[in-house]
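# Examination of the molecular architecture
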Amino acid sequence: TTSDTAPTPLITFTAMARFPSPPPRLASPAARLARLAALFADYPETVRAILAATPAAALHENAVEDLDELETWHRGPVVLIGDAAHAMTPGLGQGANVGLEDAAELGVVLGEVW
């Protein structure tokens with residue numbers, strides 16, 4: 001059973017597609033849904049059916065762009081770690097993890113030189 005207070009299910013569609021930089025932002029929810037339908041056209045019927053049942057107004061679009069790799073992650077006493085140094089796409093969910101890993105590794109390196 002469902003109720004008016006039941007949470008709405010969240011389904012994430014991720015499509016990696018090459019667009020001009022910056023990627024086009026489609027103002028119309030219907031246009032965004034049509035673009036998603038085209039991007040997922042070759043996917044199994046189950047995926048296409050879920051997408052077809054998604055209300056256009058429920059879509060949230062977030063462009064992800066590649067960043068140039070930094071030549072160095074430090075300047076003087078300042079060191080960049082985590083996403084500040086080597087950002088990852090949001091869909092990976094690794095931002096905090098990489099920051100913690102970088103901090104731990106930085107601690108090891110500093111411990112060896114001090």
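Each remark here, short or long, concerns the structure printed above.
Residues numbered from 1 in each chain as written. Predicted model: local features only at pLDDT ≥ 70, side-chain atom pairs only at ≥ 80, totals over all residues. Heavy atoms only, no water.

### A few points about the overall build of the protein chain
Cut-off, in case you're wondering: Only DSSP runs of H or I with at least four residues qualify as helices, and only runs of E with at least two residues qualify as strands; both kinds are numbered from the N terminus onward. Only protein chains enter the accessibility calculation, which uses a 1.4 Å probe; a residue is then buried when its area is under 20% of its type maximum, exposed when over 50%, and partly exposed in between. In this description, contact between two residues means that some pair of their heavy atoms is separated by no more than 4.5 Å. All accessible-area figures derive from a Shrake-Rupley calculation using a 1.4 Å probe, and residue coverage is judged against the displayed protein chains alone.
Assigned secondary structure in the protein chain consists of three helices and two strands. In the protein chain, the order of α-helices and β-strands from amino to carboxyl end is α-α-β-β-α. Burial analysis of the protein chain (114 residues in total) assigns 13% to the buried set. Taking as baseline every contact in the protein chain between residues at least 6 positions apart, the subset at least 24 positions apart corresponds to 48%. As presented, the protein chain carries roughly 9400 Å² of accessible surface, and 60% of it is formed by carbon and sulfur atoms.

### Re the layout of surface pockets
The criterion, for reference: Throughout, the protein atoms alone are placed on a 1 Å grid, and a set of points is a cavity if a 1.4 Å probe fits but cannot get out or a pocket if it is open with protein on both sides within 12 Å along at least five of seven lines; lining residues have an atom within 4 Å of a point. Grid points are joined across faces, edges and corners, and a volume is the space filled by probe spheres set on the points. In this count, Pro and Cys sit with the nonpolar residues alongside Ala, Val, Leu, Ile, Met, Phe, Trp and Tyr, while Asp, Glu, Lys and Arg are called charged and the others, Gly among them, polar.
One number sums up the size of the second largest pocket: a volume of about 300 Å³. Lining of the second largest pocket is provided by 16 residues; of these, D66, L67, H86, A87 and M88 occupy positions nearest its centre. Taken together, the residues of the lining of the second largest pocket break down into nine nonpolar, two polar and five charged.

### So, helix α1 (residues 29–39)
Let me state the cut-off plainly: Here the arc refers to the directions that run from the helix axis out to each C-beta atom. For this analysis, a polar contact is any N or O atom pair within 3.5 Å, provided that within protein one partner can donate a hydrogen and the other can accept it, and provided that sequence-adjacent residues contribute only side-chain to side-chain pairs.
Among the residues making up α1, those that are buried are R32, L33, R35 and L36. Within α1, the buried residues cover an arc of 160° as seen down the axis, which keeps them to one side. Opposite its buried face, α1 presents the exposed residues A30 and A38, each directed more than 90 degrees away. Among the structural elements, α2 (45–52) are those in contact with the buried residues of α1. The N-terminus of α1 is capped by S28, whose side-chain oxygen sits 3.2 Å from the backbone nitrogen of A30.

### Section: the environment of E61
Assignment of secondary structure puts E61 in the loop between α2 and β1 (74–75). The exposure class assigned to E61 is partly exposed, which follows from its relative accessible area of 22%. In this structure the C-alpha to C-alpha distance between E61 and L33, which are 28 residues apart in sequence, comes to 9.9 Å.

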